[in-house]
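# Structure assessment
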Amino acid sequence: RLVKDFPSVNGVAKSRVVHIASPSENGTLIPVVHSLNQAPLISSYRNKMSQNSFHTKTKSSSFISDSGSNDEKGSFSTRIKKAQKEMPGVALFIVWCFIYVGFVYGSWVLSGYCKPKMGFSAQSDEVTLDKSKFVNVLAAFIFGVCIIMDISGMVFQVSAKKRQLNSLALFINMVAFVVYVSTVLDVFTPMYDTTGEPIAVQFFMQWMCTTPIMILVLASLGTSMEENLVPDWPLVINAICWDELMLVLGLTHNIIGSCFIGWAVFCCAASCFVVVYYRIWQIIDRNVKQAATTYEITSLRGLQIYTYLLWLSFPTLHILHHLHVLDDTQFSICRTFVDVLAKAIYTVALMTGNFCILDTVATLRIKQLQAERDSKDKTVLRAEVMNRALQMACVEAETSARLSRRFVANISHE
């Protein structure tokens, strides 16, 4: 610090200027010159040092805070892509809505070519639907509860992978909810097979859309601490293709009826069903090998057995119905009951199962470290501001004392 006197008039200095050299980041000195008769010295010096401190803190920020700030400053398209990545089930449901509208329109068009058998009136068909309508309403209510649970999981889950899995379970339950509500409201026109028996084509459409997502969820449950949601796409796609072929052959058997060709098609569908079971076993076996904890292995094996038993119930009911062991009402009630259990288990498993444990723990730990770092940064910044303020107070006091001594010296001299 250096105090200089400007040319004086009658022995009194016109103004005094204090030169303050503040250290910069690279070690050089930045001169700050202010007149004591104009702007306050202390405020300007504080502003200068605050700017230097701000730039220093900005340059020393960590990778996590940089990524967070980049996300906040991202464009709208970036946020849309991030939402699609974290909530794939919502994007799939939007696409499915267009498929659903096309299917409803197609059912209305094809219903004109389907006729009931002789002696089977539309009134008896309506009586059968009325008997099973309560069960359909109950199924729609259960799927609505599952939807609320899935949305809660998407909102409150810490792990991004668990949110993705909850969104896929949300797609499964929303598709089932829409189909059952449409059935209750008689959106689908009655359709009949070649022999005039009624068939529920909407449920085959529902299974064609939901069972691939179930296989996808099964393939994603054992990927702890892996970046990709599905590590082995070829195996999953192979299982989905066999599953779709099985459902197409099952629908063909319903349309043809209980004739020789129909049962031959059913045998082909049963062969595809066995292949699907084998692919699911391969998927679960791979997930067990990649599982991080024994709890996760137990949950995977339990979900595998549960899926096997419930999926096996569908062809069993199908055979009993075509053998006239179960009538239409009994078959509809049993099918609805098994369908609800087969889909709701995925929501319950994601809420209570020991899946993605390490992902959740890692996410919590990262957030904890980030919170601690932010707290330390605020404490350090607050301490630096207090130190700067004390330094400025010392500069102001020393400057005032020096000027007072100079003034007293001048007066004494005169």
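Whatever comes next refers back to the structure up there.
What comes next concerns the included structure.

Thresholds, definitions, all that
Residues numbered from 1 in each chain as written. Predicted model: local features only at pLDDT ≥ 70, side-chain atom pairs only at ≥ 80, totals over all residues. Heavy atoms only, no water. Helix = DSSP H or I, 4+ residues; strand = E, 2+ residues; numbered from the N terminus. Expected span 1.5 Å × (residues − 1). Buried < 20%, exposed > 50% of the residue type's maximum accessible area, 1.4 Å probe, protein only. Axes fitted to C-alpha atoms, helices over the stretch in contact; angles between N-to-C directions. Parallel < 35°, antiparallel > 145°, perpendicular 65-115°, else oblique. Left-handed = near helix turned anticlockwise from the far one by under 90°. Contact = heavy atoms within 4.5 Å. Nonpolar A, V, L, I, M, F, W, Y, C, P; charged D, E, K, R; others polar.

### What about helix α6 (residues 160-184)?
- Over its 25 residues, α6 runs 36 Å from end to end, which matches the ideal 36 Å to within 8%, given 1.5 Å per residue.
- Along α6, 21 of the 25 residues are buried, which leaves the element largely enclosed by surrounding structure.
- A positive backbone phi angle near 60 degrees is found at D186, which sits one or two residues after α6.

### Points about the packing of helix α8 (residues 233-256) against helix α10 (residues 294-322)
- The contact between α8 and α10 brings their axes to 12 Å, and the two run at 15 degrees. Considering the angle they form, α8 stands roughly parallel to α10. Along this stretch, α8 crosses α10, giving a crossing that reads as left-handed. Two secondary-structure elements touch here, α8 through D243, G250, H253 and N254 and α10 through W311, H318 and H322.
- For the contact of α8 with α10, the class distribution of residues is 1 nonpolar, 5 polar and 1 charged.

### Quick word on unusual backbone geometry
- Here the phi dihedral of D186 falls at roughly 60 degrees; this positive angle occurs in a residue that is not glycine.
- Examined against the element boundaries, D186 turns out to sit in the loop between α6 and β6 (191-192).
- Residue H324 is not a glycine yet carries a positive backbone phi of 65 degrees.
- Of note, H324 is situated in the loop between α10 and α11 (328-352).
- H324 gets classed as exposed once you look at its relative accessible area, which sits at 67%.

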